Amino acid sequence: MTEPNGHDSVNRARGGPRAAVREPGLDEGNRKQASRAFARSRPRRERGDSLALGAAGARFLFGSSHHRSLIAAEWWHIALPMGLGVAIPALADHAFADWLSPLVALFAALLTLSAQLVGKMDHAMHGKAERATMVAVMIVAPMFGYGWGIAHWAQGGALPWLQAMAVLVSVALIATTIQSGRLAGLLCGQVAMWSAVTWVVSPMGGILATIIGAAIGSIAFARQHEIDLAEHERLQDAAREQTRAQEILADYEETGQGWFWETDRRGNILYVSAPVADLLGRTPDDLEGRPLSDLFQLDEQIAGQSGNRGERTLTFHLSARSSFSDLVVRAATRDEERWWAITGRPIYDTFDNFQGFRGSGADLTERRRTQEHVSRLAHFDSLTGLSNRFFMSQSLEKILVAPQVQQRACAVFLIDLDRFKQVNDTLGHPAGDQLLKKVAQRLERGVGSAGRVGRLGGDEFEIILPGRIERTMLAQIAAHVIESLSQPYNLDGGRVMIGASVGIAIAPDDGVTSEALVRNADLALYAAKDAGRGRFHFYAADLHSDAEERRQLEEDLRDALALGQLELYYQPVVQTTTEKITGFEALLRWNHPDQGFVSPAKFIPIAEDAGLIAQIGEWALRQACMDLAKWPENVRVAVNVSPLQFANPALPGIVTSALAAAQADPDRLELEITESVFINDDDGTDAMFRALKRIGVRLALDDFGTGYSSLGYLKKAPFDKIKIDQSFVRGATQPGSRNGAIIASIVSLAEALNMETTAEGVETLDELDLVRLLGCSHVQGYIYERPLSAQAALDRLGSGLVAIARGPRAARALRQSILRRVVLEHGGHSYEANVRNISQTGALVEGVRNVPGGTVFRIHLADGHVVTATARWSEEDRMGIEFSVPLELDETGRIAIITARRNRRVAPATPGGATVEVPNRRAG
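Residues numbered from 1 in each chain as written. Predicted model: local features only at pLDDT ≥ 70, side-chain atom pairs only at ≥ 80, totals over all residues. Heavy atoms only, no water.

A. Quick look at the packing of helix H22 (residues 613-628) against helix H24 (residues 651-662). At their nearest, the axes of H22 and H24 sit 8 Å apart, and the two run at 30 degrees to each other. Regarding the angle of H22 to H24, the classification is roughly parallel. Handedness of the crossing formed by H22 with H24: right-handed. Between H22 and H24, the residues in contact are Glu618, Leu621, Arg622, Cys625 and Met626 and Ile654, Val655, Ser657, Ala658, Leu659, Ala661 and Ala662, respectively. Here the residues of the contact of H22 with H24 sort into 9 nonpolar, 1 polar and 2 charged. (Axes fitted to C-alpha atoms, helices over the stretch in contact; angles between N-to-C directions. Helix = DSSP H or I, 4+ residues; strand = E, 2+ residues; numbered from the N terminus. Parallel < 35°, antiparallel > 145°, perpendicular 65-115°, else oblique. Left-handed = near helix turned anticlockwise from the far one by under 90°. Contact = heavy atoms within 4.5 Å. Nonpolar A, V, L, I, M, F, W, Y, C, P; charged D, E, K, R; others polar.)

B. Summary view of the environment of Leu414. Relative to the assigned elements, Leu414 resides in strand E7 (residues 410-418). Taking the C-alpha atoms as reference points, Leu414 and Ile464, separated by 50 residues in sequence, lie 9.0 Å from one another. Those residues within four positions of Leu414 in sequence are excluded, and the remaining contacts are Leu456, Phe461, Glu462, Ser501, Val502, Gly503, Val518, Ala521, Asp522 and Leu525.

C. Spotlight on unusual backbone geometry. Omega for the bond connecting Ala507 with Pro508 falls within 30 degrees of zero, at 5 degrees, which places this linkage in the cis form. Inspection of the secondary structure puts Pro508 in the loop between strand E12 (499-507) and helix H19 (514-530). Positive phi, close to 55 degrees, is recorded for Gln663, a residue that is not glycine. Note that Gln663 resides in the loop between H24 and strand E18 (669-674). Residue Gln663 is classed as exposed on the basis of its relative accessible area, which comes to 70%. (Buried < 20%, exposed > 50% of the residue type's maximum accessible area, 1.4 Å probe, protein only.)

D. Local environment of the packing of helix H4 (residues 79-93) against helix H5 (residues 100-112). The interhelical angle for the contact between H4 and H5, taken along N-to-C directions, is 170 degrees, at an axis separation of 8 Å. It follows that H4 is roughly antiparallel to H5 by the angle criterion. Mapping the contact onto sequence places Ala79, Met82, Gly83 and Val86 in H4 and Pro102, Ala105, Leu106, Ala108, Ala109 and Thr112 in H5. Taken together, the residues of the contact of H4 with H5 sort by class into 8 nonpolar, 2 polar and no charged.

E. Focus on the confidence of the model for the chain. On average, residues of the chain score 78 in pLDDT, and 79% of them are at 70 or above. Ranking the elements of the chain by mean pLDDT puts strand E32 (residues 915-917) last with 32 and strand E22 (residues 778-780) first with 94. This model gives residues 902-924 a pLDDT under 50, and the stretch forms 42 contacts once residues within four places in sequence are excluded. (pLDDT = per-residue confidence, 0-100.)

F. Structural view of the packing of aromatic side chains. Scanning the model with the defined rule gives 14 aromatic pairs in all. Taken together, the ring pairs connect Trp261, Phe324, Tyr348, Phe354 and Phe357 into an aromatic cluster. Cation over ring: Arg442 sits above Tyr489, and NZ or CZ is 3.6 Å from the ring centre. Over the ring of Tyr782 we find Arg786; its NZ or CZ atom is 4.0 Å from the centre of that ring. (Phe/Tyr/Trp six-rings, centres within 6.5 Å; stacked < 30°, edge-to-face > 60°. Lys NZ or Arg CZ within 6 Å of the ring centre and 35° of its normal.)

Okay, structure coming up:
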């Protein structure tokens with residue numbers, strides 16, 4: 001039986017821990033009526049109304065005060081048995097000799113009829129004395145009078161004592177039944193009646209009985225008072241809890257954080273929260289009686305939290321009458337896409353009859369959008385929108401581990417763009433980014449649905465073609481890719497020509513693992529490039545012709561490590577707010593005895609393949625800590641940690657040993673880790689992060705945004721700094737560039753995660769101003785200092801920590817060094833001069849002195865080529881001019897009028913002038 005404290009109701013409202021909710025005493029019609037009433041009243045319910053409802057319930061149960069009534073509402077029914085107790089013996093025995101005694105008994109019986117007013121009188125009496133008076137008038141006096149009358153009737157001999165006792169006992173039992181649950185009133189009535197009997201038999205005994213009865217009545221009255229108080233407090237707490245639960249649920253609905261629903265046994269809606277109806281453009285009354293499935297687009301349901309479509313669907317649960325939790329469904333909205341997670345439980349009555357479902361829902365739309373955005377950033381290249389290296393590796397791995405052998409066949413194309421670096425160097429990185437986007441579009445159009453296209457980084461692309469394809473067909477596809485990518489590109493009004501080289505490896509012939517397949521495709525790519533570029537090449541076993549060179553370089557690298565030929569250079573890291581050096585990044589350098597300085601991009605991969613990277617990394621770490629010990633206490637050093645080093649369980653011990661040997665504070669050492677450490681993202685990665693943080697070193701995420709899109713990793717990896725890759729800094733100041741927005745987003749993300757930011761590769765003053773404006777906390781680049789040897793870095797710190805930015809105001813356009821005689825016209829006068837370092841937008845002119853800034857000239861650059869230019873600065877006989885209209889470039893990226901003059905071999909531009917041209921190279 002449900003207790004009156006409301007716990008069962010609250011439990012049902014909350015869903016409860018049970019698999020099915022049982023509702024006693026409610027058939028479907030009652031449930032429908034109750035649900036409709038609740039639905040209509042719930043939105044209008046206020047806290048004051050809820051409290052008033054609780055108070056009304058308390059008054060209904062307890063009367064006007066917190067005491068239960070001492071007199072039963074049915075007490076007046078005792079008048080009939082009492083009257084019969086007088087009438088029957090009188091008629092049966094003709095006991096009319098003593099008329100006073102039966103009259104007293106009848107009067108006592110009539111007095112009990114006043115109990116019909118007990119409700120009104122009880123509401124009007126609040127104090128203990130008033131309640132005691134009520135008991136005395138309505139119970140004590142009638143029962144005493146009745147007992148005295150019957151006993152006196154028997155004592156006079158008119159009524160046999162046996163009949164008298166039978167009447168008294170019967171009335172006492174009936175009174176006990178009526179007054180059950182009211183201890184004080186019951187005892188007072190019984191004591192009063194039997195005390196009256198005792199008075200008749202023995203006055204002294206009556207006195208004693210009255211005294212004892214009064215004591216017992218007082219005790220019973222006090223005890224009843226305590227019981228009433230305790231019961232009142234319990235029920236009041238229960239009512240308050242129920243009211244609170246209703247208010248919380250109502251607030252939960254109104255705030256839109258969640259909603260509730262209920263159906264009948266046929267799955268039709270009995271109740272649904274108003275916000276859901278509003279979202280669907282309906283009202284709760286419109287939805288009432290409709291199938292629950294009308295709220296959702298079940299054809300787009302995502303079964304289960306994990307998205308596994310093998311999980312049971314909503315339709316299944318409703319038909320099977322089984323509980324479900326966090327089932328993801330799409331709302332049946334027209335204007336926008338919204339997703340809900342719904343939970344439901346079947347409802348049964350006390351006879352185990354199924355009554356329907358009751359449940360709740362929550363909005364998942366924003367969470368799903370965020371998850372999709374993070375997932376896209378984690379699996380797709382932010383520049384081109386193609387799959388990134390991580391996702392391509394996953395896709396290839398899935399093919400190679402397919403359940404059936406015939407499904408494991410595929411072909412891998414590795415594509416490297418020819419002359420892409422020249423585009424970057426001549427037109428700038430924004431143009432290079434634009435070119436990469438166009439390349440991605442052409443590759444996607446060419447491959448279509450036949451395979452997957454991805455960007456591995458830089459100008460490297462990959463194509464995966466599943467299934468077994470004949471080599472002749474693969475050759476045709478590769479030739480088509482090269483031809484497509486070699487067509488001219490229009491970039492900012494200019495035409496650019498590049499090429500492509502393709503390496504091809506086939507599974508399972510050339511490898512059965514993703515690593516082997518990609519490595520062999522890479523070897524084929526190198527063979528294609530070595531053969532003259534613009535070609536494709538299949539992998540073959542004899543493609544290791546360069547193995548000897550690599551082997552020799554590997555041996556030399558081992559000797560360099562043993563003989564101490566490796567050294568560290570340090571590039572300052574400057575705080576943007578104070579322009580003071582806060583640390584250095586350690587950069588590895590190898591001065592080969594025969595080849596001179598070897599690029600780290602060349603020997604680091606060899607070191608990784610040869611297993612030397614751990615030794616080199618440990619040496620670099622120890623050397624950096626030793627150099628760090630010589631620097632001021634507030635200067636840090638940052639050391640790069642390769643993925644292979646990071647995967648070494650001994651790394652925390654190596655770091656601890658290096659710090660201890662140098663007696664350096666762990667907080668001064670910063671380990672720079674690339675996103676590639678997360679490619680296997682397992683428990684070992686998290687354990688390594690925790691171990692390094694326990695040491696106390698700082699962690700920085702290097703080359704952010706260029707690898708595996710690490711937004712998903714930032715939420716759990718304990719980084720102290722994010723290093724913004726220089727590819728985002730390059731061209732960030734150019735009109736229309738989105739790099740500034742990307743930098744601002746990274747800075748905002750870092751600030752939200754309490755991380756610092758370092759912008760790498762800052763080379764111009766406008767780039768410095770931009771990254772400072774966007775909130776980057778630190779800057780690293782040529783604008784402040786080039787990498788310094790250990791001694792030079794120590795000397796630099798000896799001169800102070802203040803760093804001074806030195807460099808060009810903006811990135812200069814590509815210039816050609818020439819020596820050409822030209823004629824300048826201004827104000828009707830002509831001046832002969834020489835032009836040097838000409839570019840699309842300006843040139844350096846020698847031979848005219850003291851030219852005021854802003855002077856406009858007409859310049860005869862070549863026959864038929866006259867341009868207008870403005871002097872921007874002048875020093876002695878040199879001045880810088882800016883063309884009013886940029887000059888055109890030819891297909892090679894050089895100034896068109898210069899190459900045209902060379903090709904035509906025309907006469908000098910001015911009479912008697914000689915033309916001397918220097919081979920094309922970048923100026924300055």
